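Notes for the structure review
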Amino acid sequence: MSNIKSVKSYVRVALFLLFIFSIVVFLDRYKTHLNSIYENGHNIKTELEANVQGGIEAVKYLNATAHLILDNKEYMRLKFAPLVEEYNAKGNYTADKVFDKSVAYEDKANISGYGGLKKDKATLQEMEMSFYLIRYFKLIKEQNRDYAWVYYYSNKDFITLYPFVESKDFALLPEYKNKPLMRYATPEINPKKELFFTPLYVDNGGLGLMVTIGLPLYDKETFLGVTELDITLE
């Protein structure tokens, strides 16, 4: 009888030790799992910080380049803006080809606007400036796969967007002007002309969650629009 009790005691002790061992193994594996999660999160954080810092520098560079172009606007030939004329139907316009047919597909960008194409010299010069920026849009986009869109958004209700999107898939809408990507650039909201970040939002182009970095563009004291870059967070 005592032998049976002894065996039961040994079994209980063995089960208890096995239970403790299982807990130790579980905690060790859980710790490894947590470390993996932490390391992955740290890597994502590091990559995101690098993307954001690179995006800030890119937007500043675009803005400075736009200023340089505007400072020499008397040399503009205004040859690009007329290319949107044929798309000026019902007051809205979108041009899929802002250059001639010899330009490669990856070098194209879109121009989209509403309210009719304004033909005053200042607007045409601003539009021309945005076309000159396209080559820099492309360079910035090639730097980082997480830079979704690079563009210039004018307060005169047009946008020049890179990379290329078919006109049937994108058009600038009046309600965009009340969104942070333009509203945060305006003198009323941003009188100090500072670089800004929008809140997180879901991209209308289907690229998921993203944030926009923008910097207002002025010609002397006249607010023109904003140079911007979208970073996808997917």
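One structure accompanies this document, and this report is about it. (Residues numbered from 1 in each chain as written. Predicted model: local features only at pLDDT ≥ 70, side-chain atom pairs only at ≥ 80, totals over all residues. Heavy atoms only, no water.)

It is worth spelling out the environment of glutamate 126 at this point. One can find glutamate 126 in helix α2 (residues 121-132). For glutamate 126, a relative accessible area of 1% corresponds to the buried category. Taking the C-alpha atoms as reference, glutamate 126 lies 9.6 Å from leucine 78; in sequence the two are 48 residues apart. Excluding anything up to four places from it in sequence, glutamate 126 contacts Tyr152, Ser154, Asn155, Lys156, Phe158 and Leu224. Side chain to side chain, glutamate 126 and tyrosine 152 meet in a polar contact 2.5 Å long. (Helix = DSSP H or I, 4+ residues; strand = E, 2+ residues; numbered from the N terminus. Buried < 20%, exposed > 50% of the residue type's maximum accessible area, 1.4 Å probe, protein only. Contact = heavy atoms within 4.5 Å. Polar contact = N/O pair within 3.5 Å; in protein donor to acceptor, adjacent residues only side chain to side chain.)

Right, let's talk about helix α3 (residues 134-143) for a bit. Among the residues of α3, those classed as buried are Ile134, Phe137 and Ile140. One side of α3 carries all its buried residues, which in axial view fall inside an arc of 115°. Structural note: α3 exposes Glu142 and Gln143 on the side pointing more than 90 degrees away from its buried face. (Arc of directions from axis to C-beta.)

Moving on to the nonpolar core. Among the nonpolar cores identified, the biggest contains 31 residues, and Met129, Phe137 and Leu229 are the most heavily contacted of them. Put simply, the parts of the chain that give this core at least two residues each are α1 (2-71), α2, α3, β3 (147-154), β4 (158-162), β7 (209-219) and β8 (222-232). Per-element accounting of this core gives the leading share, eight residues, to α1. If we skip the residues at most four places from it in the chain, methionine 129 touches Ala66, Ile69, Leu70, Met76, Tyr152 and Leu217. (Core = buried A, V, L, I, M, F, W, Y, C linked by side-chain atoms within 4.5 Å.)

This next bit is on the pattern of salt bridges. Overall, the coordinates contain five salt bridges when judged by the stated rule. With a closest N to O distance of 2.9 Å, lysine 156 and glutamate 126 form a salt bridge. Here glutamate 126 lies in helix α2 and lysine 156 lies in the loop between β3 and β4, a separation of 30 residues in the sequence. Among the ionic pairs, glutamate 221 bridges to lysine 193, the shortest N-O distance being 3.3 Å. In this pair, glutamate 221 sits in the loop between β7 and β8 while lysine 193 sits in the loop between α4 (180-183) and β5 (196-197), placing the two residues 28 residues apart along the sequence. Classification of glutamate 221 as exposed rests on a relative accessible area of 64%. Of the residues examined, lysine 193 reaches a relative accessible area of 32% and is grouped as partly exposed. (Salt bridge = Lys/Arg side-chain N within 4 Å of Asp/Glu carboxyl O.)

Here α2 spans 16 Å end to end across 12 residues, near enough to the 16 Å set by a 1.5 Å rise per residue. Residues of α2 that are buried include every one of Thr123, Leu124, Gln125, Glu126, Met127, Glu128, Met129, Ser130 and Phe131, and no others. (Expected span 1.5 Å × (residues − 1).)

The next point concerns the pairing of β8. Within β8, 10 of the 11 residues are buried, which leaves the element mostly enclosed by the surrounding structure. Where β3 lies against β8, seven bridges are found, and the strand directions are antiparallel. Paired with valine 150 across the bridge in β8 is leucine 229. In this sheet, β8 lies alongside β7 in antiparallel orientation, the contact comprising 10 bridges. Bridged to valine 211 within β8 is isoleucine 231. Hairpin connection of β7 to β8: two residues between the antiparallel strands, including lysine 220 at a positive phi of 60°. (Pairing = 2+ DSSP bridges.)

Attention now moves to the packing of α2 against α3. The interhelical angle for the contact between α2 and α3, taken along N-to-C directions, is 35°, at an axis separation of 4 Å. Residues Ser130, Phe131 and Tyr132 of α2 touch α3, and the partners they reach there are Ile134, Arg135, Tyr136 and Phe137. For the contact of α2 with α3, a count of residues per class yields five nonpolar, one polar and one charged. (Axes fitted to C-alpha atoms, helices over the stretch in contact; angles between N-to-C directions. Nonpolar A, V, L, I, M, F, W, Y, C, P; charged D, E, K, R; others polar.)

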